[in-house]
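Working through the structure, step by step
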Amino acid sequence: MADPIKTQGTSNQTKTAIWNDPTFRSIAFQVLAILVIGWFFYFIFDNTLTNRAKSGVTTGFAFLNSTSGFGILMTLIDYDETHTYFDTFIVGLLNTLLVSVMGIILATILGFAMGIARLSQNWLIAKIATVYVETLRNIPLLLQIFFWYSLLRTLPGPKQSYVPWDNVFLNARGLYFPSPIPESGFGLVTTAFVIAIVVSFYIIRWAHKRQDETGQPFPSILTALGLVIGLPSLAFVAAGMPLSFDYPVLKTFNYQGGMRIIPELMALWWALSLYTAAFIAEIVRAGILAVSHGQTEAARALGVRNGPTLRLVIIPQAMRVIIPPLTSQYLNLTKNSSLATAIGYPDLVGVFMGTTLNQSGQAVEIVGMTMAVYLVMSLTISAFINWFNAKMSLVER
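In this report, the structure presented in the accompanying data block is examined.

The rules we used
Residues numbered from 1 in each chain as written. Predicted model: local features only at pLDDT ≥ 70, side-chain atom pairs only at ≥ 80, totals over all residues. Heavy atoms only, no water. Phe/Tyr/Trp six-rings, centres within 6.5 Å; stacked < 30°, edge-to-face > 60°. Helix = DSSP H or I, 4+ residues; strand = E, 2+ residues; numbered from the N terminus. Buried < 20%, exposed > 50% of the residue type's maximum accessible area, 1.4 Å probe, protein only. 1 Å grid on protein atoms, 1.4 Å probe; cavity = no way out; pocket = protein on both sides within 12 Å on 5 of 7 lines; lining within 4 Å. Points joined across faces, edges and corners; volume = space filled by probe spheres on them. Nonpolar A, V, L, I, M, F, W, Y, C, P; charged D, E, K, R; others polar.

Counted under the stated rule, the structure contains 15 aromatic pairs. Aromatic pair Phe-89 and Phe-352: ring centres 5.0 Å apart, planes at 65°, arrangement edge-to-face. Of the two residues, Phe-89 sits in helix H3 (residues 85-117) while Phe-352 sits in helix H11 (residues 348-360), which places them 263 residues apart along the sequence. For the pair shown, Phe-89 and Phe-352 are each scored as buried. Centroid distance Phe-245 to Tyr-247: 6.3 Å. Interplanar angle 40°. Geometry classified as tilted. Judged by its relative accessible area of 41%, Phe-245 is partly exposed. For Tyr-247, a relative accessible area of 41% gives the class partly exposed. One aromatic cluster is present, built from ring pairs that chain together Phe-86, Phe-89 and Phe-352.

This is the structure we're talking about:
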């Protein structure tokens, strides 16, 4: 007869065998996976360093201090051929941020307008908005960029420029207009503008809090606009109008002086904005349709007109549906700006990952820096939209 104690001990040993323990196996497989992935990246890294050493290419970021030796079509900072590769990085980054911010603003405004227009009771307006959305979102973005760029390049030369307004000239080389030059005392105007922005912010917050507590509206937007426009204007007059203009003047072959918007920027901006706005329009339309029709009926029963109903009742509730998918569209617009290199706009990809890479040969460092920039921009946009979405979300009482 078997000893029951011995049998039980054998059974316990079998149950607690370490290779049969799910927890141990889970940890072991995860550690093994980490080791394999780490070895894979180490192999790539070591192989890259070895090949670069054989090719005589140095590793590191010391090349950023070397002289670039090439010019850039459009710069937002002081730059010429004597500046460094790091300066080319800054120029490309600023140009990318410029077209991205401009595109997001225009795409949002146009997208909201088209999304609301698609639900209009006016047959013509609704059909025009539908044609716009269905046409632009089904044509590849790159083709739209080429279309706008080729259209701008067909404009006449500098001597036959279009003159839509005095001292404003449009031709195949861009849009020229007077450049403002601040003079002594303009700091007072800037200070007044900043003060107006801060005061407007607190007025809008106070107005929302007052309306939540009492139900009485306050024209906070009009008040803010009055402050932002009026206070700097008063400061401008009080300081003796400390502003002059540098006007573009036609020389032998081109205009000199003033400011210039190159056709590459205009084509990229329009294409990115119009393309993204078509998708935003559908997001806005879906958000409005997600709001119960009873909300509209309740507003009409109280005698509220269609305009205030849409602005004060429908849109605020639709925003909780609209904002999350807007994040993807803003991210797509920012990343799609890298298509600028197709038409020669000097963005980060074209200037830094193009010309700078070809001249310096530091492919790994330059590609890594460019990828890091787009990653940071995308994470920043996502974080801001998530914060704004949390502020706009409905709060349970």
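Next, the rest of the story.
Right, let's talk about the layout of surface pockets for a bit. Roughly 530 Å³ of internal volume is contained in the second largest pocket. Together, 17 residues line the second largest pocket, and Leu-119, Ile-288, Thr-296, Arg-300 and Leu-310 are the ones closest to its centre. Going through the elements one at a time, H3, helix H8 (263-290), helix H9 (293-301) and helix H10 (306-336) are the ones with two or more residues in the lining of the second largest pocket. Looking at which element gives the most residues to the lining of the second largest pocket, the answer is H10, with 5 residues. Looking at the lining of the second largest pocket residue by residue, the class counts come to 8 nonpolar, 8 polar and 1 charged.

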